[in-house]
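For reference, the chains in residue letters:
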Amino acid sequence: MIPLSWYMSLAAILFTIGAYGFLIRRNVILMFLSIELMLNGVNLNLVAMSHYMESLHGQMFTFFIIAVAAAEAAIGLGIVISVYRNRHTIHVDEINQLQG
Amino acid sequence: MFAKFFFLYCGFVITFCGLAAVHLRNPVHCVLGVLVLFFHMAGLYLLLNAEFLAAVQVIVYAGAILVLYLFVLFLVDIRKELLLPRYVDSRFAAGAFAVGLLVCLLSILRSFVSGPHGSWSIAAVSRVTHTRALGQEIYSSYILPFEIVALILLIAVIGGMVLARRDSAVSGEGKRPEEEK
Amino acid sequence: MPAYLLLIPFLPLASFVFTFLLGKRLGVRCHWVPIVTVLLSFFCALIAFNDVRHGRTLNHDLYTWINSGNFRASVGFLLDELTAVMLIVVTGVSSLVHIYSIGYMKGEDGYYRFFSYLSLFTFSMLMLVLGNNFLQLFFGWEAVGLSSYLLIGFYYEKVSAADAGKKAFIVNRFGDFGFALGVFLVFVTFGSLHYETVFAHASAMAGHSFSIFGMSFDLPTTMALLLFCGAVGKSAQLPLHVWLPDAMEGPTPVSALIHAATMVTAGVFLVARCNPIFSLSMTALNVVTVVGAVTCLFAATIALTQTDIKRVVAYSTVSQLAYMFIGCGVGAYGAGIFHLFTHAYFKALLFLGCGSVILGMHHEQDYRSMGGLKEYMPITYITFLLATLSISGVPGLAGFFSKDEILAMAFASPVGAGKFAWFIGTLVAGITAFYSFRLLFLVFHGEFRGTDEQRRHVRESPAVVTVPLLILAVGAVAAGWFGIPHVLGGHNRWEAFLEPVVGHPPGHLSGSTELLLMLISILAGAVGIALAWYIYIFRPTLAARVAGRVPRAYRLSLNKYFIDEIYIRGLVEPTLVFSRRVLLGIVDLGIIEKIVNGVPAAIGRFSGVLRKVQDGRVSHYLVYMAGGVLFVLGYTCFGF
């Protein structure tokens, strides 16, 4: 049996990679991609715990997370398209009109 | 034995693909890396006796969401993109944050205490298949979140159409009065 | 409390408010309200005097303004013999000046303003005199200073007049500083500012001392000297006399009222009122006497050479006030007040007479353009002559009795400087006679030295001007008859009347000594008159030759001993330099401006740095948020 802590460590690593990618990339689309990585890390954590606690609650949660992540990706990319149409850029540090 | 090897293999690939996705210059390559990563995630789910979720992961994530990402990437001029800098100017602060986050998360692990076990042991899940088990749970205890998620998806559909629509009808009507002047 | 007592100060106050606010609209008729109110005050003062004569004195707090701990500030009235005398002087001379001003100020700009200020002054002086506590005295003190400033600078468009007003106020401030310290000391010592309490316990002060910075001072002496500072300022004694000659810039009725009869006598009033304190300190009494004596001589010598007729009379006032201080300084407060009383009449008369001459000469004030005016202005001449005789101490007239009383008391006094004061006083009596008659002869006798234009305009002044002169002349002659000394067969009712307030003068003279002293002073006066007659009537060219023989002394006298110049060089300029270089340059521009500008500049720089946080770049915002999350997570994990 693979100990739970392995799964959780892997999920933590995946989450960190996702967060790191989110913070450093200029391309907005790739930032969203990193969010998906983070969500996957969370999913892995939940499924692993659900497995080890012999209950299905974690997997239910994962199920819904996947659905919502899909919706969020759709809307987010829709916004990216709108911004691209207005600003003709998808680089996040060029969209600084709220500069104070 | 096999499980451990499989886990290590999947874990290694996941880590490697994650780092690749974050660091590659060509966005399409990043998406492909993530694709590989999702397949191996599905593999891990299989190891955890969650077959349905593995299938959903591949179909929805790899099949739908990543395709959506690729379509949006077509808007961008990839050739120009390759020449521009990849990273934001605050990379080192982000790196410090990542290190700190990892340290925090890994140190919490030691103090994890599991709660009471539920009723769905591995044997119970395999007896009624995983799909049926999930179905039983969704349609009994989780019916309300299910409906709400359905609503969310509806909103996503409508929102996506509204946001991405080109306002050609409105600008067309607006032009004619200007031309008359 | 009798109603008439309230009317005395508050009628002029009402008149001030009324005339100041509405006078402009009334035009020439605005003088009726002030005149009626001041005459009513005068009649009430007579009633008050009558009451006091029958022993009905009064001490009543009208209104308590502040009651905090053991400090009680109230408006209160004290009516005793001293107050009664002062009331008569103030309201009487004020009424006459009001009537006189109808003629003198006719056609002037700001006619209503003049009368409103006169009412304000009358109110202030009456509050000063009627007060039953030091605080009210101080209020009146400052208020008369204010009125003086307003009236001296009445022709405010003239720079010299505005400057003179400022000078009067500022020089007074020097004295008032000491005065205020004295009042503080009174409160600290006695715990109350009411005369009743203070004077009742005054003798308990004797021999006490208080220490500051390791030095110990005798309590009664310090208190008396501090209070005396105020008197020196207000009554224009050395060294704070410099404002009085400049105050002649004001209209002549102002000079008569304020700078002869009433305001400048407030200092003498103060010393007389505080006689329980002064009597405890021989040092203080000596100081008062010496200051009086020196000022007396000093001012008299300056009056010898002045060419402006009002200046001569101004220096004469300083000199006569000094006599009053000599009187108080040797312990004969009653005699000092007696001279105050008689002086009010003949000095006011001298000033108003000058005013009449100035009117006739179309506002010419230099006697070098005058001469032989007795043909043109007979009434003015007669009254002026009577005043001059009075001031010169000619026997039988008012000035003789009061001046001789002072000189006799000075001689007999146990105060150390008494004999010195007597000697100076007698000498100055001669000088006074000389310069007073010099003025009379140069203005009214001899040949007219003015232009033909002026000769055509010269005529006697209208009745509103000459009638007050005549009334004052009666006073100048008869006012002294209240105090005819025993040695000449009189009852000296004056001294008896004031005794409950000022006590019995120390020192006693035998009748023969007194007569001898009287003779000496008459002789001095006669010599002065004779010398004046000789120089200015008999041999008119002699004056210039005498002046030529002693050019240095002449110049010293003509330029008032250069005291103004000394003050400017020694006090004013260093202060200006200090304030410009140090206070402006270093403290204000260097330190305060730097802080006041520096703090906002620093804040600006800091905010410039802070502003960079909100640069609109989402990636930076994300890092900030991530940092926050990490902080919270770390705190939860590791609990630092």
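Residues numbered from 1 in each chain as written. Chains lettered and ligands numbered in written order. Predicted model: local features only at pLDDT ≥ 70, side-chain atom pairs only at ≥ 80, totals over all residues. Heavy atoms only, no water.

## Some details on the overall build of chain A
Argument step 1. Check the secondary structure of chain A and you find three helices and zero strands.
Argument step 2. Along its sequence from the N terminus, chain A presents helices and strands in the succession α-α-α.
Argument step 3. The globule rule puts the C-alpha radius of gyration for 100 residues at 13 Å, and the 17 Å found for chain A is more than 25% above it.
Argument step 4. Across its three principal directions, the C-alpha atoms of chain A cover 50 × 25 × 20 Å.
Argument step 5. Here chain A, with 100 residues, has 64% of them falling under the buried criterion.
Argument step 6. A sequence separation of at least 24 residues applies to 58% of the contacts in chain A between residues at least 6 apart.
Argument step 7. Working note: accessible area of chain A is about 3400 Å², and carbon and sulfur atoms make up 67% of it.
Argument step 8. For chain A, the separation between the mean place of its 4 positive charges and that of its 5 negative charges on side chains is 16 Å. (Helix = DSSP H or I, 4+ residues; strand = E, 2+ residues; numbered from the N terminus. Rg over C-alpha atoms; globule rule 2.2 N^0.38 Å. Buried < 20%, exposed > 50% of the residue type's maximum accessible area, 1.4 Å probe, protein only. Contact = heavy atoms within 4.5 Å. Areas by Shrake-Rupley, 256 points an atom, 1.4 Å probe, with all protein chains shown as cover. Lys, Arg positive; Asp, Glu negative; His and termini not counted. Charge placed at Lys NZ, Arg CZ, Asp CG, Glu CD.)

## With respect to the pairing of strand β2 (residues 71–79) of chain C
Residues and elements named next belong to chain C.
Argument step 1. Across nine bridges, strand β1 (residues 58–68) lies against β2 in antiparallel orientation. Across the sheet, the residue bridging to Thr64 is Ser74, located in β2.
Argument step 2. Between β1 and β2, which pair antiparallel and follow one another directly, the connecting turn spans two residues, one of which, Gly69, has a positive phi of 65 degrees. (Pairing = 2+ DSSP bridges.)

## Points about the interface of chain A and chain B
Argument step 1. Contacts between the two partners involve 67 residues from chain A, matched on the other side by 86 residues from chain B.
Argument step 2. Taking both sides of the interface into account, the surface hidden between chain A and chain B amounts to around 7000 Å²; carbon and sulfur atoms contribute 78%.
Argument step 3. The three residues of chain A that bury the most area against chain B are Arg25(A), Glu54(A) and Leu56(A), which together make up 9% of that side's buried surface.
Argument step 4. There are zero salt bridges connecting chain A and chain B.
Argument step 5. Our count for the contact surface shared by chain A and chain B stands at 18 residue pairs in polar contact (both at pLDDT 80 or more).
Argument step 6. Where the side of chain A that touches chain B is concerned, the elements lending two or more residues are α1 (4–24), α2 (28–52) and α3 (57–87) of chain A.
Argument step 7. Considering each element in turn, the side of chain A that touches chain B owes the most residues, 23 residues, to α3(A). (Buried area = accessible area lost by both parts, 1.4 Å probe. Salt bridge = Lys/Arg side-chain N within 4 Å of Asp/Glu carboxyl O. Polar contact = N/O pair within 3.5 Å; in protein donor to acceptor, adjacent residues only side chain to side chain.)

## Overview of the packing of α1(A) against α2(A)
Residues and elements named next belong to chain A.
Argument step 1. Where α1 contacts α2, the two axes come as close as 7 Å, and the packing angle between them is 165 degrees. It follows from the interaxial angle that α1 and α2 lie roughly antiparallel. Note on packing geometry: the crossing formed by α1 with α2 is left-handed.
Argument step 2. Taken together, the residues of the contact of α1 with α2 sort by class into 19 nonpolar, six polar and no charged. (Axes fitted to C-alpha atoms, helices over the stretch in contact; angles between N-to-C directions. Parallel < 35°, antiparallel > 145°, perpendicular 65-115°, else oblique. Left-handed = near helix turned anticlockwise from the far one by under 90°. Nonpolar A, V, L, I, M, F, W, Y, C, P; charged D, E, K, R; others polar.)

## Quick notes on the nonpolar core
Residues and elements named next belong to chain C.
Argument step 1. If you look at the biggest cluster of nonpolar residues, it comprises 191 residues, and the most contacted ones within it are Phe134, Ile277 and Phe278.
Argument step 2. In terms of residues, this core owes the most to one element, helix α15 (residues 333–360), which gives 17 residues.
Argument step 3. If near-sequence neighbours (up to four positions away) are discounted, Phe134 is found in contact with Val183, Val186, Leu193, Tyr195, Val198, Phe199, Leu227, Cys274 and Ile277. (Core = buried A, V, L, I, M, F, W, Y, C linked by side-chain atoms within 4.5 Å.)

## Side note on a nonpolar patch on the surface
Argument step 1. Taken together, the side chains of Phe578(C), Leu583(C), Ile586(C), Val587(C), Ile591(C), Ile592(C), Ile595(C), Val596(C), Val599(C) and Ile603(C) define a hydrophobic patch exposed on the protein surface, amounting to about 870 Å² of accessible area.
Argument step 2. Leu583(C) sits in the partly exposed class, given a relative accessible area of 41%. (Patch = residues over 30% accessible without salt bridge, like charges linked within 9 Å, V, L, I, M, F, W, Y side chains within 5 Å.)

## Comments concerning the interface of chain A and chain C
Argument step 1. Contacts between chain A and chain C engage ten residues on the former and eleven residues on the latter.
Argument step 2. Of the roughly 830 Å² buried between chain A and chain C on both sides combined, carbon and sulfur atoms contribute 65%.
Argument step 3. Applying the counting rule to chain A against chain C returns one salt bridge.
Argument step 4. Put simply, Arg617(C) and Asp93(A) hold a salt bridge, and the shortest N to O gap is 3.5 Å.

## As for the pattern of salt bridges
Argument step 1. Following the criterion strictly, the structure yields 15 salt bridges over all chains and no others.
Argument step 2. Between Lys167(C) and Asp246(C) there is a salt bridge, with the nearest N and O atoms lying 3.1 Å from each other. Separated by 79 residues along the polypeptide, Lys167(C) in helix α6 (residues 159–190) and Asp246(C) in helix α9 (residues 243–246) bring together distant segments of the chain.
Argument step 3. Through salt bridges with shared partners, a single ionic network connects Arg26(A), Asp93(A), Glu94(A), Asp89(B) and Arg617(C).

## Quick look at helix α5 (residues 134–152) of chain C
Argument step 1. Helix length check: α5(C), at 19 residues, gives a terminal C-alpha distance of 26 Å against a target of 27 Å (1.5 Å per residue), a fit within 8%.
Argument step 2. The N-capping residue of α5(C), defined by a side-chain oxygen 3.1 Å from the backbone nitrogen of Leu135(C), is Asn133(C). (Expected span 1.5 Å × (residues − 1).)

## Overview of the packing of aromatic side chains
Argument step 1. A complete count under the given rule lists 40 aromatic pairs over all chains for this structure.
Argument step 2. Among the aromatic residues, those joined into a ring-pair cluster are Tyr111(C), Phe114(C), Phe115(C), Phe154(C) and Tyr155(C).
Argument step 3. Here the basic side chain of Arg91(B) rests over the ring of Phe92(B), its NZ or CZ set 5.7 Å away from the ring centre.
Argument step 4. Above the plane of the ring of Phe411(C) lies Lys419(C), whose end atom (NZ or CZ) is 5.1 Å from the centre. (Phe/Tyr/Trp six-rings, centres within 6.5 Å; stacked < 30°, edge-to-face > 60°. Lys NZ or Arg CZ within 6 Å of the ring centre and 35° of its normal.)

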